[in-house]
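Residue-level structure breakdown
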Amino acid sequence: MGPQLNLAADADALDGRLLFAIPKKGRLHDKCLELLAGADIQFRRHHRLDVCLVKNHNIALVFLPAADIPSFVGKGNVDLGITGQDVILEAQMDKHVTEVLKLGFGKCALQVQVPEAGPIKSVDDLAGKRVVTSFEVLAAQYFKDVDARLQRADSQQTRIEYVGGSVEAACSLGLADGIVDLVESGDTMRAAGLHAIATLLQTEAVLIKSSTPKHLTLEPLIKVITSRIAGVVAAGRYVVCEYNIHRKDLAEATSVTPGRRAATISPLDEEGWVAVSVMVEKSKIADAMDELVKIGAQDIMIFNLDNCRV
Ligand SMILES: Nc1ncnc2c1ncn2[C@@H]1O[C@H](COP(=O)(O)OP(=O)(O)OP(=O)(O)O)[C@@H](O)[C@H]1O
Ligand SMILES: O=P(O)(O)OC[C@H]1O[C@H](OP(=O)(O)OP(=O)(O)O)[C@H](O)[C@@H]1O
């Protein structure tokens, strides 16, 4: 059993530790736990406790709602955090936090949506009507600009109303003429009979630290954790590709798989042939293999990476 923290009885246990905020539930939670495991940040979270000590580092994890993490980091109450770029902007903390690393998950778009079958076809049609959202700051900024461009009178400005969840139900319940909400696959939007007419922003999960850190002595530990997490993220993004190729075709083959810095080329125990080993982005590997086969590569093998440092 790892060290546990009873905050009321043992607040001193946090002294000097790097506080690292992790979304306590929702879309980002499981991916964050995978990152922590990949970075060998060991902890055991006690039932119902939102703070726990890390066994093998001078760190305490703080489990918070994703939307609260930007303020905690921005105000320096915690040193490091993972959350979405969308909630950083919504909390107006973008000047107070520094984005250390993009994490490659939690990717979605914040979009204006209206009923597909209804009369509203554009943002200009929606201006002056009712918009329901959990992103009231970003929606208000966006429609303020729209209203200004359309020179709408003060009494005819777009009305933004906050709801905490199930935003997609607002139009069919008669609460709104349009909504501003996150879209990933579009399934929720389509199931609610809505379609997107504008995009406010694209977002993904990021590792952030305070722009004005309170504990400068923790900077070296922040660097180590950042480098470990960057390694886990890169390991998920790349595969190792190995193949054999005749030396005459080597230049063409390595133009398809140039590697991150350069390809590793080793001689084979057969005149004129070499083995190539390179890192290739996962999203490009199928096309790269097709090309390599055309060029004459043989024995092409792909390996997943458990971890790496790049
Ligand atoms: N459909 C999605 N696809 C990818 N990322 C998403 C999606 N929905 C939300 N996110 C990202 O995850 C963050 C947290 O959203 P989520 O709705 O999971 O949080 P929550 O409100 O804390 O949890 P819950 O919805 O369980 O109450 C968002 O700010 C956004 O960055
Ligand atoms: O385009 P999709 O892939 O359907 O994803 C979009 C949905 O995901 C998020 O909600 P989530 O499911 O996390 O639940 P919530 O409504 O409780 O926030 C978001 O608020 C949308 O409703």
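Residues numbered from 1 in each chain as written. Chains lettered and ligands numbered in written order. Predicted model: local features only at pLDDT ≥ 70, side-chain atom pairs only at ≥ 80, totals over all residues.

1. Focus: the overall build of the protein
Tallying secondary structure elements over the protein gives nine helices and 15 strands in all. Scaling as 2.2 N^0.38, a compact globule of 310 residues should have a C-alpha radius of gyration of about 19 Å, whereas the protein reaches 25 Å, well beyond that. For the C-alpha atoms alone, the extent of the protein along its principal axes is close to 80 × 60 × 30 Å. Scored against the burial criterion, the 310 residues of the protein give a buried share of 33%. Here the contacts in the protein between residues at least 6 apart in sequence split such that 73% fall between residues at least 24 apart. (Helix = DSSP H or I, 4+ residues; strand = E, 2+ residues; numbered from the N terminus. Rg over C-alpha atoms; globule rule 2.2 N^0.38 Å. Buried ≥ 20, exposed ≤ 12 C-beta atoms within 10 Å, placed from the backbone. Contact = placed C-beta atoms within 7 Å.)

2. Here's the deal with the sheet that holds strand β5 (residues 97-102)
Paired through their backbone hydrogen bonds, the strands of a sheet run either parallel or antiparallel. Strand order in this open sheet of six strands is β2-β3-β1-β4-β11-β5, and the pairing throughout is mixed. The open sheet has two free edges, formed respectively by β2 (51-53) and β5, since each of these has just one partner strand. Within the sheet, the average angular offset between the axes of one strand and its neighbour, ignoring direction, is 30 degrees. Pairing analysis gives five bridges linking β5 to strand β11 (residues 205-210), with the strands arranged antiparallel. (Pairing = 2+ DSSP bridges. Axes fitted to C-alpha atoms, helices over the stretch in contact; angles between N-to-C directions.)

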